[in-house]
Amino acid sequence: MNQNIAFLELKFGNIYGGPPNFYAIHEVALLVFEPQTKRIFLESMTVAVDVDIVTVTAKTNELGNTIDRVKEVVNMKTKRIREFDETYQIYDRELDDAFGQLRPAQRWIRAFFGKCFQKYRITDIVTFDGRRDLFLCEKSRVRFDRINIIDLQKDIIKETNYLFSLNKLAVVIGFDIASSMLRSNNEEYWMHPIAARQVIPRSASFDAARLLMVFQEFHNHRDDFLMKAALLLNKIEMQKAKEAESKES
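Residues numbered from 1 in each chain as written. Predicted model: local features only at pLDDT ≥ 70, side-chain atom pairs only at ≥ 80, totals over all residues. Heavy atoms only, no water.

Participant: Is there a simple way to explain helix 2 (residues 105-120) in this structure?
Facilitator: In this model helix 2 runs 22 Å from its N-terminal to its C-terminal C-alpha over 16 residues, within 8% of the 22 Å that 1.5 Å per residue would give. For helix 2, the full list of buried residues reads Ala105, Ile109, Phe112, Phe113, Cys116, Phe117 and Tyr120. Projected down its long axis, helix 2 shows its buried positions confined to an angular sector of 125 degrees, all on one face. Helix 2 presents Gln118 and Lys119 as exposed residues on the side facing more than 90 degrees away from its buried surface. Tucked into the core, helix 2 has its buried residues touching strand 1 (5-15), strand 2 (23-34), strand 3 (39-46), helix 1 (92-102), strand 7 (124-127) and helix 3 (131-139). (Helix = DSSP H or I, 4+ residues; strand = E, 2+ residues; numbered from the N terminus. Expected span 1.5 Å × (residues − 1). Buried < 20%, exposed > 50% of the residue type's maximum accessible area, 1.4 Å probe, protein only. Arc of directions from axis to C-beta. Contact = heavy atoms within 4.5 Å.)

Given below as structure tokens:
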């Protein structure tokens, strides 16, 4: 694959106390990789409006296994975090105001993608179980009809017959970022320091960077990737067995 390939990640959540089936996009990250030069370009945006949304974060152990899921309330403008109360319900007037503030976001998101598609001449986008990501973008009238969509999670499932999370795969490939360098078991890429500062845990940019490195390890070092994936699954099963034994005793 010689042409630019982009890695898409979103962060989104429900309006706090609002309808559970309405998701508001908070962050968009499009990481563009140039295979011939190995250069990385990171384009990102946030929807900074005064609306509280609910985010769900997976807490993982050293093997990337999810041990808990934490719900938090985040203000999209201030990024202030507070505790989630499942009994909280928003008033109709406040809900209408939230919808009103979110309405221009569709135009902002559409303009963001239009600029990126034109600037980088993107023909391929990699997602990770990205059906909802694509659906939310399409609700903002972003058009992907000329884009080849690659769901990396599906491709890995075909090879491993296991539903890996991105957290587990980051462990498989030994993902690391330090001093503007993205590193994995067999790959290493430099990022511009301004872009690298955006790659922080729990951000869309962080997930896009992990997605790039998983993609490269999977496609460029398939045998090593599959061996390390099998080793991780063995460690997870051994850990589960030990935990079961300790509970019985």
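Participant: Honestly, unusual backbone geometry in this entry has me stumped. Any pointers?
Facilitator: Negative phi characterises most residues that are not glycine, and trans characterises most peptide bonds. Phi at arginine 121 takes a positive value of approximately 50 degrees, unusual for a residue other than glycine. Note that arginine 121 resides in the loop between helix 2 and strand 7.

Participant: What should I look at first to understand the confidence of the model for the protein in this one?
Facilitator: Interpretation of this model should avoid reading the predicted coordinates in detail wherever pLDDT is low. Mean pLDDT over the protein stands at 95; residues scoring 70 or higher make up 99%. Looking over the protein, one finds the lowest element-wise mean pLDDT in helix 8 (residues 222-248), namely 91, and the highest in helix 7 (residues 204-220), namely 98. (pLDDT = per-residue confidence, 0-100.)

Participant: Explain the packing of helix 7 against helix 8 to me, please; I cannot follow it from the model alone.
Facilitator: Any two packed helices are characterised by how steeply their axes cross, that is the angle between the axes, and by the distance between the axes. Viewed as axis vectors pointing N to C, helix 7 and helix 8 meet at an angle of 110 degrees, and their least axial separation amounts to 5 Å. Classified by the interaxial angle, the pair formed by helix 7 and helix 8 is roughly perpendicular. Here Val214, Glu217, Phe218, His219 and Asn220 of helix 7 lie close against helix 8, whose contacting residues are Arg222, Asp224 and Phe225. Of the residues contributing to the contact of helix 7 with helix 8, the split by class is three nonpolar, two polar and three charged. (Axes fitted to C-alpha atoms, helices over the stretch in contact; angles between N-to-C directions. Parallel < 35°, antiparallel > 145°, perpendicular 65-115°, else oblique. Nonpolar A, V, L, I, M, F, W, Y, C, P; charged D, E, K, R; others polar.)

Participant: Help me understand the sheet that holds strand 9 (residues 176-178), please; the structure alone is not making it clear to me.
Facilitator: The strands making up a sheet associate through backbone hydrogen bonding, with each pair oriented either parallel or antiparallel. Strand order across the open sheet formed by three strands is 9-10-11, with antiparallel pairing between neighbours. Edge strands, defined here as strands with exactly one partner in the open sheet, are strand 9 and strand 11 (188-190). In this sheet, adjacent strand axes meet at a mean angle of 15 degrees when their direction is disregarded. Of the pairings in the sheet, the one linking strand 10 (residues 181-183) to strand 11 comprises three bridges and is antiparallel in character. Following the sheet pairing, arginine 183 is matched in strand 11 by glutamate 188. (Pairing = 2+ DSSP bridges.)

Participant: Help me out: how do you make sense of the packing of helix 5 (residues 166-173) against helix 7 in this one?
Facilitator: For the pair helix 5 and helix 7, interaxial distance at closest approach is 10 Å and the crossing angle is 55 degrees. Considered as vectors, helix 5 and helix 7 are oriented oblique to each other. Judged by the twist between their axes, the crossing of helix 5 over helix 7 is left-handed. Between helix 5, through Leu166, Asn167, Leu169, Ala170 and Ile173, and helix 7, the contact on the second element is made entirely by Asp207, Arg210, Leu211, Met213, Val214 and Glu217. Broken down by class, the residue content of the contact of helix 5 with helix 7 amounts to seven nonpolar, one polar and three charged. (Left-handed = near helix turned anticlockwise from the far one by under 90°.)

Participant: Can you help me understand the environment of lysine 38 in this one?
Facilitator: Within the element layout of this structure, lysine 38 appears in the loop between strand 2 and strand 3. In the structure, lysine 38 is positioned 153 residues away from methionine 191 in sequence and 9.9 Å away in space, judged by C-alpha atoms. Discounting residues that sit within four places of it in the chain, lysine 38 has contacts with Phe33 and Tyr189.

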